[in-house]
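The residues making up each chain are set out below.
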Amino acid sequence: MSERRIVVVTAGLGTPSSSRLLADRLSIAVTAGLEERGVRSSVETFELREYARDLVDRLTTGFPSQRLDAMLADVGAADGLIVVSPIFSTSYSGLFKLFIDVLDTEALESMPVLIGANAGTARHSLAIDYAIRPLFAYLHADAVPTGVFAASSDWGDSGGDAVRPLQERIDRAAGELARAIALRDPRPSAIDPFDPAAFGDGRLMGDLLGGAGGR
Amino acid sequence: MMQFGIFSVGDVTMDPTTGRTPTENERIKAMVAIALKAEEVGLDVFAAGEHHNPPFVPSSPTTMLGYIAARTEKIVLSTSTTLITTNDPVKIAEDFSMLQHLADGRVDVMMGRGNTGPVYPWFGKDIRQGVELALENYNLLHRLWREDYVDWQGRFRTPLQGFQSTPRPLDDTPPFVWHGSIRTPEIAEQAAFYGDGFFANNIFWPKEHFMRLIGLYRQRFEHYGHGRAEQAIVGLGGQAFMRKNSQDAVAEFRPYFDNAPVYGHGPSLEDFMRQTPLTVGSPQEVIDRYAAMRDHFGDYQRQLFLMDHAGLPLKTVLEQIDILGEEVVPVLRRELAVNRPDSVPDAPTHAARVAAAVESETGVLGASAVEAAHV
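These numbers come from a predicted model, not from an experiment.

A.B. asks: For this particular structure, what's the right way to read the nonpolar core?
C.D. replies: The tendency in soluble globular proteins is for nonpolar side chains to be buried as a group. Counting 109 residues, the largest nonpolar core has Ile6(B), Leu43(B), Phe46(B), Phe198(B), Tyr217(B), Phe253(B) and Leu324(B) as its most contacted members. Per-element accounting of this core gives the leading share, nine residues, to helix 12 (residues 314-337) of chain B. Sequence-distant contacts of Phe253(B), that is, excluding residues within four places in its chain, are made with Phe241(B), Tyr263(B), Leu269(B), Leu278(B), Val280(B) and Leu312(B). Judged by nonpolar contacts, the second largest core, of 37 residues, contains Val9(A), Leu72(A), Val75(A) and Val113(A).

A.B. asks: Would you mind going over helix 6 (residues 185-194) of chain B with me for this structure?
C.D. replies: What sets the pattern is the α-helix's 3.6 residues per turn: residues three or four places apart point alike. The buried fraction of helix 6 of chain B is high, at nine of ten residues. All of the buried residues along helix 6 of chain B are Pro185(B), Glu186(B), Ile187(B), Ala188(B), Glu189(B), Gln190(B), Ala191(B), Ala192(B) and Tyr194(B). Buried positions along helix 6 of chain B lie against helix 7 (205-209) of chain A together with helix 5 (130-144), strand 8 (176-181), strand 9 (197-200) and helix 7 (207-223) of chain B.

A.B. asks: Teacher, can you tell me more about the sheet that holds strand 2 (residues 45-48) of chain B here?
C.D. replies: Within a sheet, each strand pairs with its neighbour through backbone hydrogen bonds, oriented either parallel or antiparallel. Residue and element names in this part refer to chain B. What the nine strands build is an open sheet, ordered 3-2-1-13-10-9-8-5-4; its pairing is parallel. The open sheet has two edge strands, strand 3 (76-79) and strand 4 (82-83), and neither has a second partner. Here strand 9 runs beside strand 10 (residues 234-236); their pairing, made up of three bridges, is parallel. Bridge pairing links Phe 198 to Val 234 in strand 10.

A.B. asks: I keep staring at the packing of aromatic side chains and nothing clicks. Help me out?
C.D. replies: How two aromatic rings sit relative to each other is given by the distance of their centres and the angle of their planes. In total, this model carries 17 aromatic pairs over all chains according to the counting rule given. Measuring from ring centre to ring centre gives 5.9 Å for Phe7(B) and Phe199(B), while their planes differ by 70°; the resulting arrangement is edge-to-face. With Phe7(B) in strand 1 (residues 3-8) and Phe199(B) in strand 9, the pair connects residues that are 192 residues apart, well separated along the chain. Take Phe199(B): its relative accessible area is 1%, and that puts it in the buried class. Centre to centre, the rings of Phe193(B) and Tyr224(B) are 5.2 Å apart; their planes meet at 85°, and the pair counts as edge-to-face. Separated by 31 residues along the polypeptide, Phe193(B) in helix 6 and Tyr224(B) in the loop between helix 7 and strand 10 bring together distant segments of the chain. With a relative accessible area of 31%, Phe193(B) lands in the partly exposed category. One aromatic cluster is present, built from ring pairs that chain together Phe63(A), Phe204(B), Phe257(B), Tyr263(B) and Phe272(B).

A.B. asks: Quick question: what am I supposed to make of the UniProt feature "domain: NADPH-dependent FMN reductase-like" (unreviewed entry) in chain A here?
C.D. replies: Under the present numbering, the feature "domain: NADPH-dependent FMN reductase-like" (unreviewed entry) in UniProt falls on residues 5-155 of chain A. The distance from the first to the last C-alpha atom of residues 5-155 of chain A is 28 Å, and the span holds 40% helix and 25% strand.

A.B. asks: Is there a simple way to think about the pairing of strand 1 of chain B in this case?
C.D. replies: The side chains of a regular strand alternate between the sheet's two faces. Residues and elements named next belong to chain B. Counting buried residues along strand 1, six of its six residues qualify, which places the element largely inside the surrounding structure. As judged from the four bridges shared by strand 1 and strand 13 (residues 302-305), these two strands associate in the parallel manner. Bridging from a neighbouring strand, Phe 4 pairs with Gln 303 of strand 13. Bridge count for strand 1 against strand 2 is four bridges, and the pairing is parallel. Bridge pairing in strand 2 places Phe 7 opposite Ala 47.

A.B. asks: Any chance you could explain the packing of helix 2 (residues 52-61) of chain A against helix 3 (residues 66-76) of chain A here in plain terms?
C.D. replies: Helix packing geometry: the angle between the two helix axes and the distance between the axes. Residues and elements named next belong to chain A. Close contact between helix 2 and helix 3 brings their axes to 9 Å; oriented N to C, the two are set at 95°. Classified by the interaxial angle, the pair formed by helix 2 and helix 3 is roughly perpendicular. Contacts between helix 2 and helix 3 involve Asp 54, Leu 55 and Arg 58 from the former and Arg 67, Leu 68, Asp 69 and Leu 72 from the latter.

A.B. asks: Hey, could you run me through the pattern of salt bridges in this one?
C.D. replies: Two side chains carrying opposite charge are able to pair once their charged atoms lie near each other. Residues and elements named next belong to chain B. Using the criterion set out here, one finds 33 salt bridges over all chains in the structure. With a closest N to O distance of 3.6 Å, Arg 27 and Asp 11 form a salt bridge. Of this pair, Arg 27 sits in helix 1 (residues 24-40) while Asp 11 sits in the loop between strand 1 and helix 1; the two residues are 16 residues apart in sequence, bridging distant segments of the chain. In this structure, Arg 220 engages Glu 189 in a salt bridge whose closest nitrogen and oxygen atoms are separated by 2.7 Å. Placement of Arg 220 in helix 7 and of Glu 189 in helix 6 is noted, with a sequence separation of 31 residues between them. Taken as a pair, Arg 220 and Glu 189 share a single burial class, namely buried.

The rules behind these values
- Residues numbered from 1 in each chain as written.
- Chains lettered and ligands numbered in written order.
- Predicted model: local features only at pLDDT ≥ 70, side-chain atom pairs only at ≥ 80, totals over all residues.
- Heavy atoms only, no water.
- Core = buried A, V, L, I, M, F, W, Y, C linked by side-chain atoms within 4.5 Å.
- Buried < 20%, exposed > 50% of the residue type's maximum accessible area, 1.4 Å probe, protein only.
- Helix = DSSP H or I, 4+ residues; strand = E, 2+ residues; numbered from the N terminus.
- Contact = heavy atoms within 4.5 Å.
- Pairing = 2+ DSSP bridges.
- Phe/Tyr/Trp six-rings, centres within 6.5 Å; stacked < 30°, edge-to-face > 60°.
- UniProt positions renumbered as here; feature names shortened; annotations may be inferred.
- Axes fitted to C-alpha atoms, helices over the stretch in contact; angles between N-to-C directions.
- Parallel < 35°, antiparallel > 145°, perpendicular 65-115°, else oblique.
- Salt bridge = Lys/Arg side-chain N within 4 Å of Asp/Glu carboxyl O.

Put into structure tokens, the structure is as follows:
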């Protein structure tokens, strides 16, 4: 079976960040989950802080960035996407939303997505479901049911969730994403809209005008 | 061979170095002065944009171009762009035919969709149907200029039965049409389908994108049997600011760049110069940059420069057009003529189009008759 591409996008601001830490744990678990199903996979991780200027330029002035375009192309071509945002003021971070806002509205259609988030305390944990999940519903992505929230205390051995520790939640969510990826055919590569050879079907002048051209 | 000219957006912008904003009246008169200067220094084309919201003044392009036509002799008057989505194609057909007659054929037109969301509802349209509007409206416009009586029914306009737009195009030869686009493959396809020109407004984005967009247009032009790919009619945008010394040009232009509409307060001048055709420096640097354009896009027909935006004072803009017309364009004309294959068409003009039409009808070379009629 062909190799699947997992793309990880994290919106952590520090280096290293708790978001990245969680993202790495999630991608390792998803890779392992796919391996158990006999599916090979590769992982590519993007830190949005490295694209902050490009994102702002894109949104404020429309100025393109080839590195941002390359990143967005990789995201759109992924077989599965893992996203992690810190929770600020009850919601995803501004940097994370910049990324969502530059996505083509069809880029994530029916793509399996695992949502992760982190914050100082577990009192923010529902932000995944009331703030982040609707973004992926809007984009018609297929977010797996389990989101993984990591509070600062989850990274220590005391004060975290002792009944359902972080790793257990990671494994559950990663299993769901691995299953969703494995059940799907590899994501077909995007059609280059500027490739004359690929130009056809529904985009030829006759199709474009259709009955609407008037006679 | 090639045409060089100016295209103006017509923004009313504060001069960031003085804090002064021109009045609408000053800006409109400045656009006319710029067009006259363009003719004076030997440029070939002046094109004006169309907008229906401040801070832009040119809402009535054919009124402005008609006035300029009366005060000029040679320069071709064009648009950048004419909104094919929200204007009635019947009115476009009539306005530009009228302008053609008044200007003795010195008219062509560039179609664009317009990217200001509210303009669509202001004119009773929906931006989500922008491409469909451009296709249907142009299809009707194309027929109105070529068929004496048109029966037509479409989705976006009230039907027509036996309609004749008036006046008929000068010499039964419609204005040449450019289709302007920044990123829409469907518009490249449309231009190719009709064998019209394609103007890639490349002033905000890197060349790699436009190489693909123009490449698509050229391939589709060949596909539809209008000629070989290298014979497709391509126009490009450009942007320059020049002083004798590069450093002086950069120092003078930077405050205008930093505060410009669209890209101000975004990327640095240096980033923007690297990624787009904007060239701020000596005339020689501008020559070098634009002489190399055909290496990326193939030999092309029209090069337009945006010179009068971001609050630059009229005096400065006129100086810039002097430099462009006297020091830059003559050299570019020479350099771009070198190794230009004979098979690559010249930029379209009314006289040449009339001659070609006569030739194809009668088999007789018709150029001299047209010269006699309009020169």
